[in-house]
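# A look at the structure
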Amino acid sequence: MLLEAMNVDAFYGDLQALHGVTLHVDAAESVALVGANGAGKTTFLRCIAGLAEQKSGAIYFDGSNIAGLPAETIARLGIVLAPEGRMLFPSLTVEENLLMGGLSRRRGYWDLQRVYQLFPLLAERRVQMPNTLSGGQQGLVAIGRALMANPSLLLCDEISLGLAPVAIDQIYASFARIRDEGTAIVLVEQDVKRASSATNRIYCLLEGRVTLQGVSQEINAEKLTRAYFGT
Amino acid sequence: MVWVETIINGVLLGGLYGLFGVGLALVFGVTRIVNIMHGEFIALSAFIALGISGLFPDVHPLLLILPVVVVSFALGYALQALLVNRSMRFPDPLAPLLLTFGLSVIVRNLMIEGFGVNPRTIRQGDFGRLSVDVFGIHIGVLPLATLALAIVLFIALQLVLRRTEIGRIVRATADNSEVVRLMGVRPSSVYNIVMGLSFALAGVAGLMLALRTTFTPFSGVERLLISFEVVVMGGLGSFWGAMLGGIALGVAQLIGLRLNSNSGFLYANLVFLAFIMLRPNGLFGART
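Before going into details, it helps to say that this report is about the structure given with it.

Definitions and limits used
- Residues numbered from 1 in each chain as written.
- Chains lettered and ligands numbered in written order.
- Predicted model: local features only at pLDDT ≥ 70, side-chain atom pairs only at ≥ 80, totals over all residues.
- Helix = DSSP H or I, 4+ residues; strand = E, 2+ residues; numbered from the N terminus.
- Buried ≥ 20, exposed ≤ 12 C-beta atoms within 10 Å, placed from the backbone.
- Contact = placed C-beta atoms within 7 Å.
- Pairing = 2+ DSSP bridges.
- Right-handed = clockwise from strand over helix to strand, strands pointing away.
- Nonpolar A, V, L, I, M, F, W, Y, C, P; charged D, E, K, R; others polar.
- Expected span 1.5 Å × (residues − 1).
- Core = buried A, V, L, I, M, F, W, Y, C linked by C-beta atoms within 7 Å.
- Axes fitted to C-alpha atoms, helices over the stretch in contact; angles between N-to-C directions.
- Parallel < 35°, antiparallel > 145°, perpendicular 65-115°, else oblique.
- Left-handed = near helix turned anticlockwise from the far one by under 90°.

## A look at the overall build of chain A
In terms of regular secondary structure, chain A is built from nine helices and ten strands. Dimensions of chain A, computed from C-alpha atoms along their principal axes, come out at roughly 50 × 35 × 30 Å. The 231 residues of chain A split such that 46% are buried. Counting contacts in chain A only where the partners sit at least 6 residues apart, residues at least 24 apart contribute 67% of the total.

## Details of the pairing of strand 7 (residues 153–157) of chain A
Residue and element names in this part refer to chain A. Extensive coverage of strand 7 is indicated by the burial of five of its five residues. Residues Leu153, Leu155 and Asp157 of strand 7 are buried on one face, and the alternating residues Leu154 and Cys156, pointing to the opposite face, are buried as well. Looking at chain direction, strand 6 (residues 79–82) and strand 7 are connected through four bridges and run parallel. In the strand pairing of strand 7, Val80 is matched with Leu154. Note that strand 7 and strand 8 (residues 184–189) share five bridges and pair parallel. Within strand 8, the residue paired with Cys156 across the bridge is Leu187. Since strand 7 and strand 8 lie parallel, the crossover through helix 7 (residues 165–180) that links them has a hand, and here it is right-handed.

## Topic: the interface of chain B and chain A
The extent of an interface is frequently quoted as the accessible surface area lost upon association of the parts. Taken together, the 13 residues of chain B in the interface contact 21 residues of chain A. For the side of chain B that touches chain A, the class distribution of residues is five nonpolar, two polar and six charged.

## Here's the deal with helix 9 (residues 239–259) of chain B
Over its 21 residues, helix 9 of chain B runs 30 Å from end to end, which matches the ideal 30 Å to within 8%, given 1.5 Å per residue. Counting buried positions along helix 9 of chain B gives 15 out of 21 residues, so the element sits mostly inside the fold.

## A short note on the nonpolar core
Residues Leu33, Ala49 and Leu155 of chain A together with Val204 and Ala205 of chain B are the most contacted members of the largest nonpolar core, which totals 152 residues. By residue number, the principal contributor to this core is helix 7 (residues 187–212) of chain B, which donates 16 residues. Not counting residues up to four positions away in its chain, the partners in contact with Ala205 of chain B are Leu16, Leu19, Phe20 and Ile42 of chain B.

## What to know about helix 3 (residues 94–101) of chain A
For helix 3 of chain A, the tally of buried residues reaches six of eight residues, placing the bulk of the element in the interior. Looking at helix 3 of chain A, one finds that the buried residues are Val94, Glu96, Asn97, Leu98, Met100 and Gly101 of chain A. Packing partners of the buried residues in helix 3 of chain A comprise helix 4 (112–118), helix 5 (120–124) and helix 6 (135–147) of chain A together with helix 6 (165–175) of chain B.

## Some details on the pairing of strand 2 (residues 137–140) of chain B
Both strand 1 (residues 131–134) of chain B and strand 2 of chain B contribute to a ladder of four bridges, which runs antiparallel. The residue bridging Asp133 of chain B from the neighbouring strand is His138 of chain B, located in strand 2 of chain B.

## Focus: the sheet that holds strand 6 of chain A
Residues and elements named next belong to chain A. Across the sheet, six strands lie side by side as 6-7-8-3-9-10; this open sheet has mixed pairing. Every interior strand has two partners, whereas the edge strands, strand 6 and strand 10 (209–215), have only one. Within the sheet, the average angular offset between the axes of one strand and its neighbour, ignoring direction, is 15°. The strands touched by helix 7 within the sheet are strand 3 (30–35), strand 7 and strand 8, with strand 8 carrying the most contacts at an inclination of about 155°. Its contacts with the sheet place helix 9 (residues 221–229) against strand 3, strand 9 (201–206) and strand 10, and it is angled at close to 35° to strand 9.

## Here we look at the packing of helix 8 (residues 219–234) of chain B against helix 9 of chain B
Residues and elements named next belong to chain B. At a closest axis distance of 7 Å, the pairing of helix 8 and helix 9 adopts a crossing angle of 125°. By the angle between their directions, the pair helix 8 and helix 9 is classed as oblique. For the pair helix 8 and helix 9, the crossing hand works out as right-handed. Residue-level inspection shows Ile226, Glu229, Val230, Val231, Met233 and Gly234 of helix 8 in contact with helix 9, the latter providing Gly241, Ala242, Leu244, Gly245, Gly246, Ala248 and Leu249. Considered class by class, the residues forming the contact of helix 8 with helix 9 number eight nonpolar, four polar and one charged.

## Thoughts on the packing of helix 6 of chain A against helix 7 of chain A
Residues and elements named next belong to chain A. Closest axis-to-axis distance for the helix 6/helix 7 pair is 9 Å, and the angle between their directions is 15°. Here helix 7 runs roughly parallel to helix 6, going by the angle between their axes. By crossing handedness, the relation of helix 6 to helix 7 is classed as right-handed. Between helix 6 and helix 7, the contacting residues are Gly135, Gly136, Gly139, Ile143 and Leu147 on the first element and Ala167, Ile171, Ser174 and Ile178 on the second. For the contact of helix 6 with helix 7, the residue count by class is five nonpolar, four polar and no charged.

None of this, on its own, says anything about what the molecule does.
See below:
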């Protein structure tokens, strides 16, 4: 087991955002995390990445508990979060953004050349500033930047939100390639259909609790709807 | 001819003012901290330079830059690592401001305690009085060297920020200090380096001030206002803007002094006042 989160609680002040979330990810597996707005998906990814400030529970990664470690240490261990809203650095060029991802100096398949092979368009735009790119192209930069760290676990937070269908297709196509190189993926996604067709397993969150989990292909649509909306 | 000379001297003085401001602009741009003790540090580096020149009396005054830069960088780095980073953990953004304000009072009074309030000078042979004649205009070599040094340092700073990995990390941290953590960067380590650089620049400014004129423990705080005005005129976070702002203030001050030798910083401050009414975002400031 690559990642095992057990009974994770998270708080924003007095508000409890996660209630005992338990989830695991195997090596090179892809897992979808679906749920309505405010279900706690982003909060959960922030807990794993070390950005959540108030949390409890245990998070095992490669066999050791990382729950108390700061985000920068977790990143160096090989968990990389591609955050919601892409969060590229606006004063850095496309290539400089990618190079930021490579700072942890983890060895592996991915480097600047390989990212440009995966997304040839970025090579053409390497000296441009991110805000001159379309949303879909920015999404590619965000994924490329995350890959530069050669993560063993890639967390993607609504990477396709607000993008054109063509751009989303390109991003999902790249996920297969990424997993072939040994990176496990956790996808936070609002589009349940897309999420279940692109992943091995699926977890559904509702109001900070896991309401359903199972193999993506076998999941019952009616059950999933109930788990999603809580009806 | 007198006026041309005044304007040229104002431009040269502006180089010094630009140096005062650029460290402040750097720290604000990256950490969003308004460093009130910047002025004290300019004065302190003048005393550091005095101490070093006392140890090596035969060394050319401009060579003092190297030890002053090293000592200043170390002090700035240590200050950020030991104190300012802690204050930045408070949710209230006023905490670092209050910290630097308190430190400025402490450091100023320690300097008064240690060095007294009598004006000091760095003995430097004839260097401070050298001048060149260009078309009958006297231009001091020291002010000229100050402006040249300021320009060299600005270009160097720009190159470091644009072309090196550490510069890239500094810019990314200024953009988003949370997201850089996802790349394995600890923002507080970046802040240490930035404060060190800021102090190194203030150290050079303090040295050039000390070579130019007499100084006391109050020499820094008297120029803090100028430093802030330079930063605001340039547009917060803009280095070349800070340089141009410094030049505008330097020219205004010297013209003012020629009109009325008792006016001090009055005309420079009036120019600043007019400026913020006309261009509240600064010369290059569009970012908020």
